[in-house]
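Overview (structure and organization)
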Amino acid sequence: MTLAALALIAALLLAVFVLTKPLGLYIAHVMQREPIRAVCWGARLEGRLYRLAGVDTGVEMDWKEYALALLVFNVFGAVLLYGLQRLQAWLPLNPQHFPRLTPDLAFNTAISFITNTNWQAYSGEATMSYLTQMAGLAVQNFLSAATGIAVAMALIRAFARHSTATIGNFWADATRATLYVLLPLSALLAIALVSQGVVQNFEGYKDISTVESLTYQQPKLDADGNPVLDVSGKAVQETLTTHTQTLPMGPVASQESIKELGTNGGGFMNANSAHPFENPTGFSNFLEMLAILLIPAALTYTFGYLVGDRRQGWAVFAAMLVLQLPLLWMAVDNEQQGNPRIAALGVDQRPTDLQMGGNMEGKEVRFGIAASAVFATVTTGTSCGAVNSMHDSFTPLGGFVPLFQMQLGEVVFGGVGTGLYSMLIFAIIGVFIAGLMIGRTPEYLGKKIEAFEMKMSSIAILVMPFIVLVGTAVAVSVGAGQAGAANPGAHGFSEILYAFTSAANNNGSAFGGISANTVFYNTVLGVVMWVGRYWPIVAVLAIAGSLASKKRVPVSAGTMPTHGPTFVILLVGTVLLVGALTFVPALALGPIVEHLTLWAH
């Protein structure tokens, strides 16, 4: 690993560490409705929103009421977003006159954005109107992130409280997360991104004259817009020459900021954060990586503060960091080694028989290898899924890292809210295993971990690998699934495995070689995203309800400390053993065998 790569990683993690405490403390105060002078401006607006919606925030909910409110809210959002996409051709703020989306693509996109996945089977700048981008996609970026924070807060309250049936009020939690956390941070980041050159306007697309003409081929279309076929049934190609290039415009910065802060990941442009209008400079790239990690890291401190022992939050933070560091090294190092097949040609070779300059395929020159590999690691350790390079072009082990991080359950800081509550589920499993080893009833933060908690934890953890592996098996077995993969063999399998892993973990990134805009993938991945999001959420809320009702067990000589290095090691081991071993056979068929083939002499 180069010195520049080490400096980038050190600066990023230092910034995250420094901001974790103040932001975590701020989130704790505003989510608990404690007055802070800086946010008193929102109190009147918050009250008016509750009155308008007819919500009494003084009435708290048990876990079933909380889950029902969450599900109804998200279903309603999906219906509205679906309708907006289907009607966009007749709605305003559509200067490019984009047509409405097909039913299967609109279904997939609606599910994708309400679940915080932001899987995009379309090209944003060639498909979505400004109204759909703003009132549909960007709004759900806020609300899906707020949903994750709300669930995390419900679980934190369950540990902090005892002998009660309630875990909070979903409407209040989602409102406060949006109003006091996501909106202010997004506004600040959007301004910073605009200063770096990110586009923010409502103008139509610009046609500019290019220095050189471009000659290209495309399928010839008939009067109805269908491809013209020759006698053999193949599309007839026509050769065209253009002297202009169309530059997309639009309200990009405002969507870019919440895309990163909410760990959503869906780009305004098809190239996502690789596009210079979304991510133009090295500094904007650093800000976007920091934004992705910021709230997930801060919530660990929020957790420790609200349960009354800040060491608990730092222990979770440390476990996440221990998992993150070797994966960062692995991604950067393998990309910097490059492709041995190119080195073997003798045209681009170091004295060590490695590719000179490393693997730059699919990467932006303005970022280089280190910033691209770090971004890929950050975006898949969280549930973000934004990309500043093409993961499909990574080396086999470089591409293994983002795939493996998602398969861990995205707990390496994880998504906004989802990372914390997923890691706490692993903590519950870890203390249960430790309790069995020493012959004591397992406890975590003074709450006994019993059969119900373990059943719900098993559901929350196992539903993801189940739908990933079953979905992948179905896709590689049917023609509609196989047709989507652009590459044969192990890499084609990796493309399909990555798609289902990304969808089930609500990440949204992809090995771009897969053609996902088909009825099969739009439908199946839409179902996978829904199940992967809400099945674990309901299980987590059930655990929260059970823990909140329990009495607090006093600390005794036999109580296992959950704030020291021993617990951190136990937690990391639980994540690796429970979360990772499930996927070893599938990984062996994909990136691992591809790596062995690539480096075989």
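Residues numbered from 1 in each chain as written. Predicted model: local features only at pLDDT ≥ 70, side-chain atom pairs only at ≥ 80, totals over all residues. Heavy atoms only, no water.

1. Description of the packing of aromatic side chains
In this structure the tally under the stated criterion is 19 aromatic pairs. Between F17 and W314, the aromatic rings sit 5.6 Å apart at their centres with planes inclined by 45 degrees, giving tilted as the arrangement. Remark: W314 occurs in helix α9 (residues 310-337) and F17 occurs in helix α1 (residues 3-31); sequence separation between them is 297 residues. W314 gets classed as partly exposed once you look at its relative accessible area, which sits at 28%. Centroid distance F400 to F404: 5.2 Å. Interplanar angle 15 degrees. Geometry classified as stacked. Taken together, the residues span about one helical turn, with F400 and F404 both in helix α12 (residues 396-407) at a distance of four residues. Look at F400 and you get buried, because its relative accessible area is 11%. In textbook terms, an aromatic cluster arises when at least three aromatic residues are bridged by ring pairs, as seen for F17, Y301, W314, F317 and F413. (Phe/Tyr/Trp six-rings, centres within 6.5 Å; stacked < 30°, edge-to-face > 60°. Helix = DSSP H or I, 4+ residues; strand = E, 2+ residues; numbered from the N terminus. Buried < 20%, exposed > 50% of the residue type's maximum accessible area, 1.4 Å probe, protein only.)

2. Re the nonpolar core
In terms of nonpolar packing, the biggest core is built from 173 residues, with F159, I295, F303, M423 and Y444 touching the most fellow members. By residue number, the principal contributor to this core is helix α17 (residues 519-549), which donates 16 residues. Ignoring anything within four residues of it in the chain, the contact list for Y444 reads F159, F303, Q312, V316, L424, A427, I428, V431, I449, T562 and F567. (Core = buried A, V, L, I, M, F, W, Y, C linked by side-chain atoms within 4.5 Å. Contact = heavy atoms within 4.5 Å.)

3. Here's the deal with helix α18 (residues 565-580)
With 16 residues, α18 should cover 22 Å at 1.5 Å per step; its first-to-last C-alpha distance of 21 Å lies within 8% of that length. Within α18, the full set of buried residues consists of F567, V568, L571, V572, T574, V575, G579 and A580. When α18 is viewed along its axis, its buried side chains cluster within an angular range of 165 degrees and face the same direction. Turned more than 90 degrees off the buried face of α18, the exposed positions are P565, T566, I569 and L577. Of the surrounding secondary structure, the elements contacted by the buried residues of α18 are α9, α12, α13 (418-438), β3 (443-444) and α19 (584-598). (Expected span 1.5 Å × (residues − 1). Arc of directions from axis to C-beta.)

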